[in-house]
Amino acid sequence: MPADPMTVSRMDMVVHTGTHVDAPCHFVAGAESIDEIDLSRLTGEGVVCRVDAGEDEVYGVEALLDRGLVRAGDIVVLDTGWWRHAGTALYARHPSLSVELAQWLVDRGVSMVAVDTGTPDLPVPLRADGFTWPVHLVLLGAGVLIAEHLTNLAPLSGQRVEVILAPLNIRGSDGAPVRAVGRPLL
């Protein structure tokens, strides 16, 4: 507009750009694609768990300040505060989950782990040759979904919340961008 009676946008992108959900088939051959995930696994109760970790740090259970709030079936959003560095070089030097923490979350029966970084795994500068994405493999291998690049978590940090991560329904896709919404439980 104004030359034409409407505006039409085109989108051409990698599905793992911006805030998105990884489907299990992202790392597990033959596992569910994004369109095969039941919507009940993408919405529900959870916790925005404060994390005490810094640049390049691999953190474990002890870094989860609100770990006592985690329940089976939860969407666990890990708030390292790193989302505040999005768009800067420091964003690529984020803290990351230990394999032991990933297994701890699986053992508690959580449905999804969401991070305020580009990945729950080691940042690129710390990866050795032959890096195998161990945190992704533990979580997705157990059917625990992963969401990445969440932002603006401070108002919900340290609270039980209702979470909605609504992905585009892309047939056969290993992930999809989402509109992430959270609000405190009453």
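Above: the structure in question.
Quick summary incoming for the structure in this document. Keep in mind it's a predicted model, so treat the numbers as computed, not measured. (Residues numbered from 1 in each chain as written. Predicted model: local features only at pLDDT ≥ 70, side-chain atom pairs only at ≥ 80, totals over all residues. Heavy atoms only, no water.)

Quick notes on the overall build of the chain
Next, step 1: Looking only at helices and strands, the chain has two helices and nine strands in total.
Next, step 2: Moving toward the C terminus, one meets the helices and strands of the chain in the order β-β-β-β-β-α-β-α-β-β-β.
Next, step 3: At 17 Å, the chain has a C-alpha radius of gyration in line with the 16 Å of a compact globule built from 186 residues.
Next, step 4: Burial statistics for the chain: of 186 residues in total, 44% are counted as buried.
Next, step 5: For the chain, long-range pairs separated by at least 24 residues make up 74% of all intrachain contacts whose partners lie at least 6 apart in sequence.
Next, step 6: Of the roughly 9,400 Å² of accessible surface on the chain, a fraction of 54% belongs to carbon and sulfur atoms. (Helix = DSSP H or I, 4+ residues; strand = E, 2+ residues; numbered from the N terminus. Rg over C-alpha atoms; globule rule 2.2 N^0.38 Å. Buried < 20%, exposed > 50% of the residue type's maximum accessible area, 1.4 Å probe, protein only. Contact = heavy atoms within 4.5 Å. Areas by Shrake-Rupley, 256 points an atom, 1.4 Å probe, with all protein chains shown as cover.)

Quick word on the packing of aromatic side chains
Next, step 1: The full count for this structure, using the stated rule, is two aromatic pairs.
Next, step 2: Ring geometry for Phe131 against Trp133: centres 5.3 Å apart, planes inclined by 70°, an arrangement best described as edge-to-face.
Next, step 3: By the ring-pair criterion, three or more aromatic residues cluster together here, those being Phe27, Phe131 and Trp133. (Phe/Tyr/Trp six-rings, centres within 6.5 Å; stacked < 30°, edge-to-face > 60°.)

Quick word on the pattern of salt bridges
Next, step 1: For the structure shown, the criterion picks out eight salt bridges.
Next, step 2: For Arg71, the salt bridge identified is with Glu45, shortest N-O distance 3.9 Å. Of this pair, Arg71 sits in the loop between β3 (58-59) and β4 (75-79) while Glu45 sits in strand β2 (residues 43-50); the two residues are 26 residues apart in sequence, bridging distant segments of the chain.
Next, step 3: Note on Arg71: relative accessible area 45%, which makes it partly exposed.
Next, step 4: The exposure class of Glu45 is partly exposed, given its relative accessible area of 41%.
Next, step 5: A salt bridge links Arg50 to Asp66; the shortest N-O distance between them is 2.6 Å. Here Asp66 lies in the loop between β3 and β4 and Arg50 lies in strand β2, a separation of 16 residues in the sequence.
Next, step 6: Its relative accessible area of 36% is what places Arg50 among the partly exposed residues. (Salt bridge = Lys/Arg side-chain N within 4 Å of Asp/Glu carboxyl O.)

Here we look at helix α2 (residues 134-141)
Next, step 1: Listing the buried residues of α2 in full gives Val135, His136, Val138, Leu139 and Leu140.
Next, step 2: Residues of α2 that are buried sit in contact with β1 (20-22), β5 (96-97), α1 (99-107), β6 (112-115) and β7 (145-148).
Next, step 3: Positive phi shows up at Gly143, right after α2, with a value of about 80°.

A short note on the packing of α1 against α2
When two helices pack together, their arrangement is captured by the angle between the axes and the distance separating the axes.
Next, step 1: In the contact formed by α1 and α2, the axes pass within 9 Å of each other and the chain directions differ by 10°. When the interaxial angle is binned, α1 and α2 end up roughly parallel. Across the interface between the two elements, Val99, Ala102, Gln103 and Val106 of α1 pack against Pro134, Val135, Val138 and Leu139 of α2.
Next, step 2: Class assignment of the residues belonging to the contact of α1 with α2 gives a composition of seven nonpolar, one polar and no charged. (Axes fitted to C-alpha atoms, helices over the stretch in contact; angles between N-to-C directions. Parallel < 35°, antiparallel > 145°, perpendicular 65-115°, else oblique. Nonpolar A, V, L, I, M, F, W, Y, C, P; charged D, E, K, R; others polar.)

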